[in-house]
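What the coordinates show
Now for the letters of each chain:
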Amino acid sequence: MVKQISLDAWQIQHLMDLLKKGSDIVAKTNKPIILYRQTLEEEEESYEEIVCTLTKDYVIEQLVTSGGVLVPSFHQQFVFTIEEFPQELLRKSRDRFLMVIDFLEEQLN
């Protein structure tokens, strides 16, 4: 059990470091990094999805409906600090947590 807690703490710190590095790049380029998109519901040409974006100092998770004749609209928006997001993401989904680490390692190295 102690080893698992240590691994989780290391992974959380590692993701936090990657997010800080990515945030510095965003500050220089003024272009946010999309961490992930998850389609929740699709109906004909419209869809509802979660879009998670890294900006300078924050991670923004938005629930967006768009497509077809629908004007894009935001139904929910959560803003996390870089320090808060890794723990929140790990609580929601370990698979997505690991996917975001892999994505950022690939993009930033």
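Preceding this paragraph is the structure being described.
First, a word on scope: everything that follows refers to the structure included in this document. Remember, predicted model here, so these are calculated numbers, not experimental data.

**Description of the sheet that holds strand β2 (residues 46-54)**
With respect to topology, four strands assemble into an open sheet ordered β1-β2-β3-β4, the strand pairing being antiparallel. Of all the strands in the sheet, the pair left with one neighbour each is β1 (33-43) and β4 (70-81). In this sheet, adjacent strand axes meet at a mean angle of 15° when their direction is disregarded. Sheet strands in contact with helix α2 (residues 85-92) are β1, β2, β3 (58-67) and β4, and its direction is about 115° off that of β4.

**Let's talk about the pairing of β2**
Most of β2 sits out of view: seven of its nine residues are buried. Sheet topology places β1 next to β2; nine bridges connect them, and they run antiparallel. Each residue of the ladder has a partner; that of Glu41, found in β2, is Glu48. From the end of β1 to the start of β2, which pair antiparallel, there are two residues, and Glu44 there has a positive phi angle of about 55°.

Each value, and the rule that gives it
- Residues numbered from 1 in each chain as written.
- Predicted model: local features only at pLDDT ≥ 70, side-chain atom pairs only at ≥ 80, totals over all residues.
- Heavy atoms only, no water.
- Pairing = 2+ DSSP bridges.
- Helix = DSSP H or I, 4+ residues; strand = E, 2+ residues; numbered from the N terminus.
- Axes fitted to C-alpha atoms, helices over the stretch in contact; angles between N-to-C directions.
- Contact = heavy atoms within 4.5 Å.
- Buried < 20%, exposed > 50% of the residue type's maximum accessible area, 1.4 Å probe, protein only.

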